[in-house]
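Chain residues, written in single-letter form:
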Amino acid sequence: KILASAAIGRPIAAKLRREKTGRWQEDMRKKVAYFGQLPFQNPEIGKLVCGILYLCEGSKYPASDAMTFGNSDPYIIQSFLTLLRKYFCIKEEKLRCRIIPRWDQDIDKLQSFWSGITKIPLNRFYKTKPDIRTKGKVTKRADYKGVCAVVYCDTSLQFELQSIGEIVVKNG
């Protein structure tokens, strides 16, 4: 009888827990929503966010002498590029892109997808080769679009972004 009652109650409890978690997440998103516009309203905050993002996901000087920022999340790539374009003096024609796909992914579709996200034309994409480590393994996430690496060959910009992130982290 106890086991039968538990079997009836588990799905109900799981549903209630999902609903409670959903409400909690929505409340939290409303509570922090004002942060979303700060980087776009204040240039210092915009540069700060861009520098911290770069410190987390960018290539570091002196191991690399080009600004390379990579991630598989389209929103992170898009946000980084929006802040970079808005608050740093860059030449659009110097922006390049590299896609790192899994072995079983369609490279042309991925390049078209990332070109739309980055607003970098396909003729400025580097030649793409799939990650050999994924050969023979099926991509499990249907929405996975590989890693997009945005490249800008400018050591000064790279070091500026890296320095902004480092100064925040070291003084925090």
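Anything mentioned here points back to the structure above.
The sections below set out a description of the structure shown in this document.

Thresholds, definitions, all that
Per chain, residues are indexed from 1 in the order of the written sequence. Residue-level local features of this predicted model are given only where pLDDT is at least 70; pairs of side-chain atoms are given and counted only at 80 or more, and the full residue set underlies all totals for whole chains, interfaces and linings. Working from all heavy atoms in the structure, the side-chain values ignore hydrogens and water. Here a strand is any run of E in DSSP of at least two residues, a helix any run of H or I of at least four, and the numbering for each starts at the N terminus. Put simply, the radius of gyration uses C-alpha atoms, and a globule should come to 2.2 Å times the residue count raised to 0.38. Think of it in three bands: residues with accessible area under 20% of the maximum for their type are buried, residues over 50% are exposed, and the middle band is partly exposed, with areas taken using a 1.4 Å probe on protein chains only. We call two residues in contact whenever any of their non-hydrogen atoms come within 4.5 Å of each other. The protein chains shown are the only cover counted for residues, whose accessible areas, like all others here, come from Shrake-Rupley with a 1.4 Å probe. When charges are counted, Lys and Arg contribute as positive and Asp and Glu as negative, whereas His and the chain ends are disregarded. Working definition for charges: the position is that of NZ of Lys, CZ of Arg, CG of Asp or CD of Glu. Pairing between strands is defined by DSSP: at least two bridges between the two strands are required. Working definition of a nonpolar core: buried Ala, Val, Leu, Ile, Met, Phe, Trp, Tyr and Cys residues. They are joined through side-chain atoms within 4.5 Å. By salt bridge we mean one thing: a side-chain nitrogen of Lys or Arg within 4 Å of a carboxyl oxygen of Asp or Glu. Polar contacts, as counted here, are pairs of nitrogen or oxygen atoms within 3.5 Å of one another; within protein the pair requires one atom able to donate a hydrogen and one able to accept it, and residues that are adjacent in sequence qualify only if both atoms are side-chain atoms. Where helices are involved, their axes are fitted lines through C-alpha atoms of the stretch in contact, as for all axes, and angles between N-to-C directions lie from 0 to 180°. Each angle is binned into one of four classes, with values under 35 degrees roughly parallel, values over 145 roughly antiparallel, values of 65 to 115 roughly perpendicular, and all other values oblique.

Description of the overall build of the protein chain
Looking only at helices and strands, the protein chain has six helices and three strands in total. Seen in sequence order, the protein chain has helices and strands lined up from the N terminus as α-α-α-β-α-β-α-β-α. Relative to the compact-globule value of 16 Å for 172 residues, the protein chain shows a C-alpha radius of gyration of 21 Å, a clear excess of over 25%. Taken along the three principal axes of its C-alpha coordinates, the protein chain extends 70 × 45 × 30 Å. Considering the protein chain as a whole, with its 172 residues, one finds that 31% of them fall into the buried category. Once local pairs closer than 6 in sequence are excluded, the contacts in the protein chain between residues at least 24 apart make up 77%. Summing over all exposed atoms, the protein chain offers an accessible surface of approximately 11,500 Å²; the carbon and sulfur share of this is 59%. Across the protein chain, the mean location of the 31 positive side-chain charges is 8 Å away from that of the 17 negative side-chain charges.

What about the pairing of strand β3 (residues 147-152)?
With five of its six residues buried, β3 lies for the most part within the structure. Where strand β2 (residues 95-100) and β3 come together, six bridges link them in antiparallel fashion. Looking at β3, one finds that C97 is bridged to V150.

With respect to the nonpolar core
Note that soluble globular proteins tend to have their nonpolar side chains buried in a common cluster. Of all hydrophobic cores here, the largest spans 26 residues; its most connected members are M67, L84, F88 and L161. Mapped by element, the contributors of at least two residues to this core are α3 (43-57), β1 (67-71), α4 (74-87), β2, α5 (107-118), β3 and α6 (155-171). With residues near it in sequence (within four places) discarded, M67 still touches Y54, S59, F80, L84, V150, V151, Y152, D154, L157, Q158 and L161.

What about the side chain of R124?
As for its position among the elements, R124 is in the loop between α5 and β3. We note that R124 is buried and unpaired, the nearest opposite charge coming from E92 at a distance of 4.1 Å. There is a polar contact of 2.9 Å between the side chain of R124 and the backbone oxygen of E92. Beyond its immediate sequence surroundings of up to four residues, R124 is in contact with E92, E93, L95, R96 and C97.

Examining the packing of α3 against α6
Following both chains from N to C, one finds α3 and α6 inclined at 95°, their axes separated by 7 Å at the closest point. Between α3 and α6, the crossing angle belongs to the class labelled roughly perpendicular. Across the interface between the two elements, K47, L48, C50, G51, I52, Y54 and L55 from α3 touch Q158, E160, L161, Q162, I164, G165, E166, V168 and V169 from α6.

What about the sheet that holds β1?
The strand order β1-β3-β2 describes an open sheet built from three strands, whose pairing is antiparallel. The strands lining the two open edges of the sheet, one partner per strand, are β1 and β2. If you compare each strand with its neighbour and ignore which way they point, the axes differ by 20° on average. Bridge count for β1 against β3 is five bridges, and the pairing is antiparallel. Paired with M67 across the strands is Y152, a residue of β3.

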